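Each chain, written out:
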Amino acid sequence: MTDETKKNGPDATAAENTAEAVASALEEAAERHAAEAAAAAQAAPNEPDPIEVLKNENDELRDRFLRLAAEMDNLRRRTERDVKDAKSYAIAGFARDMLAVSDNLRRAIDAVPAENREGADATLQALLEGVEMTERSMLSALERHGVKKIEAENQKFDPNFHQAMFEIPNPNVPNNTVVQVVQAGFTIGERVLRPAMVGVAKGGPKADAAPAQEAAGEQQN
């Protein structure tokens, strides 16, 4: 066996195989590390930025605070309105009952014709004056508490404030004009406590006819 044979014998082959195995292992490890690094690089952008997370949480908390503040403001206004309504309309039932008493006083006064009052004795005159004074005092007290009389006569009929009881033919008065008040109506605050019972004119010109004609004349000019 020569020196050449010794160098290229089984030991040399084993060494070459070992070197190739080590090189292959190193290459595989490098490829694996490269893949892991690439995966980490790809995953890193998907992780939320802590600063952005805090900004989003801050914006969410700010929106929730603003909504809560708006709800509290609405609750405060609603409470104030309810308290105001309670003060204004708490006596509505009592005022309505007092109006019934006032109606009876008015009926007592109207039961005595004007011609009989002129020739009445002092006792009857004093009685009628006392009833009238009581009626005025009661209406004045109600007005101090927000109860006001609806001025209906000669006004255009409004179903929000008037209740039509009958129609009166009258060609000289605009149609649907209140010409007679059977029972006075009253409001309390901004609400109708009792609508006025009225008689309305029928057969006259339309209430808006004159203004419409004037507007048409102005357009022609």
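Here is a short report on the structure shown in this document. As the structure is a prediction and not an experimental result, all values here were calculated from the model.

Calculation rules
Residues numbered from 1 in each chain as written. Predicted model: local features only at pLDDT ≥ 70, side-chain atom pairs only at ≥ 80, totals over all residues. Heavy atoms only, no water. Core = buried A, V, L, I, M, F, W, Y, C linked by side-chain atoms within 4.5 Å. Buried < 20%, exposed > 50% of the residue type's maximum accessible area, 1.4 Å probe, protein only. Helix = DSSP H or I, 4+ residues; strand = E, 2+ residues; numbered from the N terminus. Patch = residues over 30% accessible without salt bridge, like charges linked within 9 Å, V, L, I, M, F, W, Y side chains within 5 Å. Areas by Shrake-Rupley, 256 points an atom, 1.4 Å probe, with all protein chains shown as cover. Salt bridge = Lys/Arg side-chain N within 4 Å of Asp/Glu carboxyl O.

Bringing the nonpolar core into the picture now. Formed by 13 residues in total, the largest nonpolar core has its most connected members in A95, L99, L142, V147, I188 and L193. Taken together, the elements giving at least two residues each to this core come down to α4 (92–110), α6 (122–144) and β4 (185–188). It is α4 that provides the largest number of residues to this core, a total of 5 residues. A152, V178, A196 and V200 belong to the second largest nonpolar core, which has 5 residues in total.

It is worth spelling out a nonpolar patch on the surface at this point. On the surface, L68, M72 and L75 cluster together to form a nonpolar patch covering roughly 280 Å² of accessible area. Among the secondary structure elements, L68 is positioned in helix α3 (residues 50–89).

Under the defined criterion, the tally for this structure stands at 7 salt bridges. When the shortest N-O distance is used, the salt bridge between D110 and R106 registers 3.3 Å. Here D110 pairs with R106, and both are found in helix α4, just 4 residues apart, close to one helical turn. Its relative accessible area of 51% is what places D110 among the exposed residues. Given the relative accessible area of 32%, R106 is considered partly exposed. Within this structure, D73, R76, R77 and E80 form a network of salt bridges that share partners.

Honestly, it's all geometry; don't read function into it.
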